[in-house]
Amino acid sequence: MSGLIIDNVSMTFELPNGGKVEALKNINLDIKEGELMSVLGPSGCGKSTLLNILAGFLAPTEGVMTLSGEPITAPSSERGMVFQHGALFEWMNVAKNIGFGPKMKGTPQAEIDAKVEELLDIVGLQDFAEKMIYEMSGGMQQRVALARCLANEPDVILMDEPLGALDALTREKMQSLVLDIWKKTGKTIILITHSVEEALLLGERLIVMAPRPGRIHKEYRLPFAELGVGADLREVKRHDEFGPTRDEILNMIWNMEEEIMGRAE
Amino acid sequence: MTIFNTPIPATIGEFISLNTPDGGEVASLLSTTFWMIFGIAIIFGIYLLFSAGSWLIHKLFMDGRDKAKGYTSLKTVTFGDESAVVANRFASVASVIAVFFFWALATGSSLLGPIQLPAPFQGETSFEYTAVNAAGESDTATVNLLVHAFDAKPNMAAAEAKASGFAQNGALKIRERRTALLSSKKIGAKETEGFQVTHVNGEAITAGGTVDFGNGEVLLTPKGSLQVRPYGGMTMEALYLPSPEGVWKSFVQLNKEGYTNVGLWENVFWSLIRVVLGFALGCLFGIPLGFAMGLSNWFRGWFDPIVEFMRPVPPLALIPLIIIWFGIGEQGKISLLFLAALWIMTIAARAGVSGVNISKVHAAYSLGATKRQLLMKVILPNSLPEIFTGARVAMGVCWGTVVAAELVAAEKGAGKMIIAASKFQLTDIVIIGIIIIGIIGFAIEVLMRKIENRLIPWKGRG
Ligand SMILES: Nc1ncnc2c1ncn2[C@@H]1O[C@H](COP(=O)(O)OP(=O)(O)OP(=O)(O)O)[C@@H](O)[C@H]1O
Ligand SMILES: [Mg+2]
């Protein structure tokens, strides 16, 4: 059993004013090794909280998460994280950022260099090794972040809206890149997104969460990720199932948002 | 039992009456401040008028030639866009020239050639006075005046004796811009009963009145003596403000000979080395302290009260205590500068730690960094911009503090030099000292910025 198991996890935040927020309630998930899972849900439904617990940045108030049978209690290089923004080290150049993980482990420099070169190639930044982070565009920075995560060879890659700030075209290229990496490396990838299309494209398995309390609302098994590997993603979007599934999920989330608004009033 | 000399006030009324400032004093303070508004406005106004004149010259002769180039020149909105406002070089140069112009004008400097404010009278002059005696007879005599430079010691011939008459000729040496008293006893009051001066240069004069004799004025004192005030001019005395060329001459001399056996640059060196050492000590302890406060609850709690209390205490307020503890030796001054830099650096380092984006910390841990690695590879470099901002402030404060400390107690140093010179009213040395202190303070700031740009190119581009 080398998968990621989320066993009855709940997370309740206590607010300074004495109130409580049930960010997650009784979440159960069994994620197999090599699975590509996307998570959707209205804002505030606990997606980031779930990912932070998986990464080991937060301890749940109830339940356990295990990776290969080991409970998750702290951050570890087995679980790499790609953040939306601001997590690169500005004081290092691109190559040093990517080589950060191996360097921390004491990997010999020659090995690091080889790996960095390989990864730069994968993410298409061959000529940017010596550039500083602030000289790169947002899309390039996200590619560096992805490469930095991969350099560490984690078992699981966690992504919290990694493509949220990118323009449509760059985003599409990055989506292809994620699919390629998934196929090539066979890693478990969990990706949070706000875009329904992205969730459909980048999820063999798609989880829709509902808020208050944060819980799993519905789960899908989808063929699009497999179809998208090495293919034109726009072609995949023209698949017969794609449109209807997208509309169904959009409606679902729309209704949830309506409900939240109604309750808030 | 009373522990205090003043008994503890028994009532609120007594407390208030003991602790209320004198109303009159406060009123006079307020009125002084009020009048200062006008004084400042006038000085400012003159300077702005000059600025307006320079602007006109610029407009007439230079317009368009120093227009912004590149991207900024294409901006249509410049009023309100701070980044589009650049210092006009012509204005900066003209402004500095204006300062020197006013300085030269006020001191009657020869640099300005024919443009001069009226100078004080110097040289020989004289006036006649008429006196009466008890018998009602009147007699006229001459008083010769020699008005000489402040530090000159000219000889002056004694007044010629008159062949007849009771009023006697007088002779008086006067320093420029000063007054001198011609005692009535010297011109006949001793010998003549009822001696009383009635006219000066033919003009009637009474006690307390004045008569202009062309090169100054004569005042008749209530006791009947003559007080002579040669024309003082409109320029300032070197004692208050030496002319630019006078200061330059003193500078050249000071550079060669030093002052009180200490070379000019030796003084500056001592001030600088104190600042560097005190600042280095402050960094050595302040930065780790700030990190500790940013990383540990215990240290945050332990040092918070001290840091928060000491931060608003100006280092200058510590000088008396430092002198009591350490005397006037080097240790006291270094300690003072250490304290001045310590809190600033502590707070800067603490801010640097708390300013680290949590994603970076999380990312580093997820990449397998240990706490030590996180500190050295992430927190330290990430807080460098804050630390450098703190260092710039600390250097400025230290430089100000060292000069003030030297004013109070030092053997050598820029501050010591100017306070020693001020005791002998060597205004030129005081001014040289102030200019050098200003230039060095500015140079420190520029240098720190240069280093900052080199070391932290990512600053502000996170
Ligand atoms: N540190 C915290 N303290 C208190 N409440 C929190 C904290 N972090 C999150 N929450 C609450 O938990 C809930 C879930 O937050 P979370 O950030 O996981 O949402 P999300 O699904 O990631 O939203 P978004 O899509 O906007 O990123 C929210 O209601 C939020 O207010
Ligand atoms: Mg989130």
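Everything that follows concerns the structure shown earlier in this document.
A. Just the overall build of chain B, in detail. A count of helices and strands for chain B gives 12 helices and nine strands. Taking 462 residues into account, the globule formula puts the C-alpha radius of gyration at 23 Å, and chain B, at 33 Å, lies well above it. In terms of its C-alpha atoms, chain B occupies a principal-axis envelope of roughly 115 × 80 × 50 Å. Among the 462 residues that make up chain B, the fraction classed as buried is 35%.

B. Here's a closer look at the interface of chain B and chain A. With 20 residues of chain B at the contact, the number on the chain A side is 22 residues. Among the residues of chain B in contact with chain A, Lys360, Ser366 and Leu367 of chain B are the three that bury the most area, contributing 33% of the side total. Note that Lys360 of chain B is salt-bridged to Glu90 of chain A, the shortest N-O span being 3.4 Å. Counting across the chain B and chain A interface gives four residue pairs in polar contact (both at pLDDT 80 or more). Those elements giving two or more residues to the side of chain B that touches chain A turn out to be α9 (358-366) and α10 (371-408) of chain B.

C. Structural context of a nonpolar patch on the surface. On the surface, Phe34, Trp35, Ile37, Phe38, Ile42 and Ile46 of chain B cluster together to form a nonpolar patch covering roughly 660 Å² of accessible area. By the secondary structure assignment, Ile42 of chain B is in helix α2 (residues 23-62).

D. Quick peek at the sheet that holds strand β7 (residues 210-212) of chain B. Residue and element names in this part refer to chain B. Strand order in the open sheet made by the four strands is β4-β9-β8-β7, with antiparallel pairing throughout. The open sheet has two edge strands, β4 (180-182) and β7, and neither has a second partner. On average, each strand axis in the sheet is inclined to that of its neighbour by 25°, with strand direction left out of account. In this sheet, strand β9 (residues 226-230) lies alongside β4 in antiparallel orientation, the contact comprising three bridges. From the neighbouring strand, Leu182 faces β9, where its bridge partner is Leu226.

E. Region of interest: the sheet that holds strand β9 (residues 205-210) of chain A. Residues and elements named next belong to chain A. Strand order in the open sheet formed by six strands is β6-β7-β8-β3-β9-β10, with mixed pairing between adjacent strands. Each edge of the open sheet is held by one strand with a lone partner, namely β6 (79-82) and β10 (215-221). Across the sheet, the mean angle separating the axes of adjacent strands is 20° when strand polarity is ignored. Where strand β7 (residues 156-160) lies against strand β8 (residues 188-192), five bridges are found, and the strand directions are parallel. When the bridges of β8 are listed, Val156 appears paired with Thr188. Of the strands in this sheet, β3 (36-40), β6, β7, β8 and β9 are in contact with helix α1 (residues 47-55), which crosses β7 at around 150°.

Each value, and the rule that gives it
- Residues numbered from 1 in each chain as written.
- Chains lettered and ligands numbered in written order.
- Predicted model: local features only at pLDDT ≥ 70, side-chain atom pairs only at ≥ 80, totals over all residues.
- Heavy atoms only, no water.
- Helix = DSSP H or I, 4+ residues; strand = E, 2+ residues; numbered from the N terminus.
- Rg over C-alpha atoms; globule rule 2.2 N^0.38 Å.
- Buried < 20%, exposed > 50% of the residue type's maximum accessible area, 1.4 Å probe, protein only.
- Contact = heavy atoms within 4.5 Å.
- Buried area = accessible area lost by both parts, 1.4 Å probe.
- Salt bridge = Lys/Arg side-chain N within 4 Å of Asp/Glu carboxyl O.
- Polar contact = N/O pair within 3.5 Å; in protein donor to acceptor, adjacent residues only side chain to side chain.
- Patch = residues over 30% accessible without salt bridge, like charges linked within 9 Å, V, L, I, M, F, W, Y side chains within 5 Å.
- Areas by Shrake-Rupley, 256 points an atom, 1.4 Å probe, with all protein chains shown as cover.
- Pairing = 2+ DSSP bridges.
- Axes fitted to C-alpha atoms, helices over the stretch in contact; angles between N-to-C directions.

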